[in-house]
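The primary structure of each chain is shown beneath.
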Amino acid sequence: MISKYSTQDNGVFYKNYMSNFNKMEESKLEVLLMLAGRNPAQLLTVPIEKLNNRRCVISKKTRFLLEKMNLALLYEQTPDKHLKLFEGLKEIPELSRDDLKFALDLMTKSAKEVLQRAEVSTKVSQITSKGNKWASFFLDFGQSIPDTLDEITNFISERKINDMELITLLLIRACLRNPPTEDMSENYLMNLVNLSKYKGCSLRKVSADDIDLLVESLKSSSLPEKSQCISLLKEIRDTFSLTSYNEKIRLRGKRLWDWKNQSSVQEYQSTFTILRRQLILSIDECYRYAFVFKPEQVIPGVRNCEKAGRCGFIVETQNSSGASKLELCTTAEKYQDSGIHHHGIHSAEKMESFFILEGTSSDGTQRRAVPSWWAYGGEWFPDIDHWRRREVVITYDTSDFLARRPINV
C-alpha cells in the first residue's frame, strides 16, 4: 500500500489530515512520512502555515516531524518552501533557549546535508555483489560461525556482527541445524529488538523485500523445519526497529537485445558448484542488461519524467581472471537506440547485484528458485541436483530521495 500511494500527489489529503497534526501519535506521523514518498513538500503545508502565522511555538510533534524529514531533498525540489520553513522558525516570538538551540541545530544539519548532496559523489562503476557480505564474514569467522540462536545473540552482543541482513542468513542456517522451539524464537526476537535499541550495538536494518524473497524460497523446501523459520522471519519483517520497508527497490534485468525486441526473457547457461553448501557462480558469456523502473518505484532525483522511452540504466558484464563483474554503463553511446534514458545515474555506489537461481531435481520434476546471496541455501533443498542462473537482479538504495531522512542503521 505504501509503495502505491507514496508515488502519488497527496497534497489535498495531507492538508486535511494534518490540520491537527499536533494531536497525532508519532507512529502515525512516521507512516505519513513514508506515504510522502519522494515529495516532502506536501507534508509541510500545514506546519509552515502555523509557523508563518506566529501562533505556535515549536511543538513536540513539529520537532519530531522536522527531525525525521529529509530537508536536503526538500531544498533540492522546492527551495522556496525550504526557505519558508526556516523563516517561520525564525519569526516565532519569544523563542525559548531550547527552541532556539533546536532551530539552529536543524539549520546547521540541513545546510551540511545540502552541501554534501551538492558535492559530486565518487563515481563507482562496478556494482557490488550482494553475496560479498557473506563471503567476507565467512573468511573472518570460518568455523566459529554460530549454529544456534543463542550463539547468534552472543555474536551480536560481542559486536562481531551488526548487519540484520547477515543475521537473517545466520538465523535461517541455525533453524535447520538446531531447530528452535517457539519459546526460543520469541526470546530471540525480543533480544534482537532490545539490542537494536542499544546505542553501542546499532543494528543495520534488513530490507523487507529481502525477507519476502527468502520466505518465498523457503516455502518450496520439503523440510519440516521451514515452518518455524518462516514464522520467525515474518516476525522480523513486521518489526520496525529491525526492518526497512521502502528504501530499497528491486529491478530485474533483461538482456538488452531482448529488451529492444520485447521478447521473453531467455535462460542463459551458467555453471554452479556447491562449495560447503554455498552456490558459486561462474559465467563465460559477456552480456549487456537493461533495467527499467516501474511507475510506482522511486527514480533517484526524478519526480516527473517527460522524456521519450523508459527510465532506467544499462549494465554490462566484465570477465576478469575467470570472475564475472557487473559494470554500470554511463556513457551516452551505450544508450543510443536502446529506448532507455538514465537520468544522470552515474554511480553504482548504492547498487547491489545478485542472481535468481533455479534448481532442478535429477528427474526434472522439482524446480526451485532462490537468491544467489542466500548462503548455505542448498542445505534446505536436498532434492535439487542442478542449479543455474535464471535472471540477474539489482537492488538500489534510494533512501536519499525519500521524504523521510535516510536511516544509516
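Calculation rules
Residues numbered from 1 in each chain as written. Predicted model: local features only at pLDDT ≥ 70, side-chain atom pairs only at ≥ 80, totals over all residues. Heavy atoms only, no water. Helix = DSSP H or I, 4+ residues; strand = E, 2+ residues; numbered from the N terminus. Buried < 20%, exposed > 50% of the residue type's maximum accessible area, 1.4 Å probe, protein only. Contact = heavy atoms within 4.5 Å. Areas by Shrake-Rupley, 256 points an atom, 1.4 Å probe, with all protein chains shown as cover. Patch = residues over 30% accessible without salt bridge, like charges linked within 9 Å, V, L, I, M, F, W, Y side chains within 5 Å. Salt bridge = Lys/Arg side-chain N within 4 Å of Asp/Glu carboxyl O. Phe/Tyr/Trp six-rings, centres within 6.5 Å; stacked < 30°, edge-to-face > 60°. Core = buried A, V, L, I, M, F, W, Y, C linked by side-chain atoms within 4.5 Å. Axes fitted to C-alpha atoms, helices over the stretch in contact; angles between N-to-C directions. Parallel < 35°, antiparallel > 145°, perpendicular 65-115°, else oblique. Nonpolar A, V, L, I, M, F, W, Y, C, P; charged D, E, K, R; others polar. Left-handed = near helix turned anticlockwise from the far one by under 90°. Lys, Arg positive; Asp, Glu negative; His and termini not counted. Charge placed at Lys NZ, Arg CZ, Asp CG, Glu CD. Expected span 1.5 Å × (residues − 1). Polar contact = N/O pair within 3.5 Å; in protein donor to acceptor, adjacent residues only side chain to side chain. pLDDT = per-residue confidence, 0-100.

With respect to the overall build of the protein
Here is step 1: The helix and strand inventory of the protein stands at 16 helices and 14 strands.
Here is step 2: When burial is assessed residue by residue, the protein has 47% of its 409 residues classed as buried.
Here is step 3: Counting contacts in the protein only where the partners sit at least 6 residues apart, residues at least 24 apart contribute 75% of the total.
Here is step 4: Per element, the accessible surface of the protein, about 20800 Å² overall, is 48% carbon and sulfur.

Things to note about a nonpolar patch on the surface
Here is step 1: Residues L100, L104 and M107 make up a contiguous nonpolar surface patch of about 250 Å² in total accessible area.
Here is step 2: Mapped onto the fold, M107 is located in helix α8 (residues 97–118).

Considerations on the packing of aromatic side chains
Here is step 1: Here the structure, examined in full by the defined rule, presents 11 aromatic pairs.
Here is step 2: Ring centres of F137 and F141 lie 4.9 Å apart, and the angle between their planes is 45 degrees; this geometry places the pair in the tilted category. With F137 and F141 both in helix α9 (residues 132–141), this residue pair falls four residues apart, about one helical turn.
Here is step 3: Given a relative accessible area of 22%, F141 falls into the partly exposed group.
Here is step 4: With a centroid separation of 6.1 Å and an interplanar angle of 65 degrees, the aromatic rings of F293 and F313 are classed as edge-to-face. With a gap of 20 residues between them, F293 in the loop between β8 (288–292) and β9 (310–320) and F313 in strand β9 connect regions that are remote in the sequence.

Comments concerning unusual backbone geometry
Here is step 1: Unlike most non-glycine residues, R159 shows phi in positive territory, near 60 degrees.
Here is step 2: Tracing the backbone shows R159 in the loop between α10 (149–157) and α11 (164–177).

Digging into the environment of L218
Here is step 1: Considering the arrangement of structural elements, one finds L218 in helix α13 (residues 208–219).
Here is step 2: Considered as a pair, L218 and G377 are 159 residues apart in the sequence and their alpha carbons are 9.1 Å apart.
Here is step 3: With residues up to four places along the chain from it excluded, the contact list for L218 reads I172, K226, C229, I230, L233, W374 and W380.

What to know about the nonpolar core
Here is step 1: Ranked by internal contacts, the top residues of the largest apolar core, which has 78 residues, are W134, F313 and W380.
Here is step 2: Residues M24, L33, F86 and L89 belong to the second largest nonpolar core, which totals 25 residues.

With respect to the packing of α10 against helix α12 (residues 182–197)
Here is step 1: It is at 10 Å that the axes of α10 and α12 come closest, and there the two elements cross at 10 degrees. When the interaxial angle is binned, α10 and α12 end up roughly parallel. Where α10 approaches α12, its residues L149, I152, T153, I156 and S157 are matched on the opposing element by M184, S185, Y188, N191, L192 and L195.
Here is step 2: The residue makeup of the contact of α10 with α12, split by class, is seven nonpolar, four polar and no charged.

A look at the packing of α10 against α11
Here is step 1: One can describe the packing of α10 onto α11 by two numbers: an axis separation of 9 Å at closest approach and a directional angle of 160 degrees. As judged from the angle between their axes, α10 and α11 are roughly antiparallel. Taken as a pair, α10 and α11 cross one another with a handedness that is right-handed. For the pair α10 and α11, the contacting residues are L149, I152 and I156 in the first and I167, L170, L171 and A174 in the second.

Section: a negative patch on the surface
Here is step 1: Where like charges cluster on the molecular surface, the negative patch consists of E182, D183, E186, E235 and D238.
Here is step 2: Of all the elements, α12 adds the most residues to the negative patch, at three residues.
Here is step 3: Within the fold, E235 resides in helix α14 (residues 226–237).

As for the pattern of salt bridges
Here is step 1: A complete count under the given rule lists 22 salt bridges for this structure.
Here is step 2: Measuring nitrogen to oxygen at the nearest pair gives 3.2 Å for the salt bridge that ties E158 to K160.
Here is step 3: Here K160 falls in the partly exposed class, since its relative accessible area comes to 39%.
Here is step 4: Counted as one network, the salt bridges with shared partners bring together K130, K133, D163, E165, D210 and E352.

Overview of the environment of I145
Here is step 1: With respect to the helices and strands, I145 occurs in the loop between α9 and α10.
Here is step 2: In this structure, the C-alpha to C-alpha distance between I145 and L170, residues 25 residues apart in sequence, is 8.3 Å.
Here is step 3: Those residues in contact with I145 that sit more than four places away from it in its chain are W134, F137, F138, L170 and R173.

Focus: the side chain of K130
Here is step 1: Position of K130 among the secondary structure elements: in the loop between β1 (126–129) and α9.
Here is step 2: Those residues within four positions of K130 in sequence are excluded, and the remaining contacts are E165, D210, E352, S353, F354 and W373.

A few points about α11
Here is step 1: The end-to-end C-alpha distance of α11 is 20 Å, a good match for the 20 Å that 14 residues give at a rise of 1.5 Å each.
Here is step 2: By the criterion of burial, α11 is predominantly enclosed, with 13 of the 14 residues buried.
Here is step 3: Sitting at the amino-terminal end of α11 is D163, which places a side-chain oxygen 2.9 Å from the backbone nitrogen of E165.

Some words on the confidence of the model for the protein
Here is step 1: Here the protein shows a mean pLDDT of 78. Residues at 70 or above account for 81%.
Here is step 2: Mean pLDDT across the elements of the protein bottoms out in strand β6 (residues 271–275) (34) and peaks in α14 (95).
Here is step 3: Confidence drops under a pLDDT of 50 for residues 258–284, and excluding neighbours within four residues, the segment shows 68 contacts in the predicted structure.

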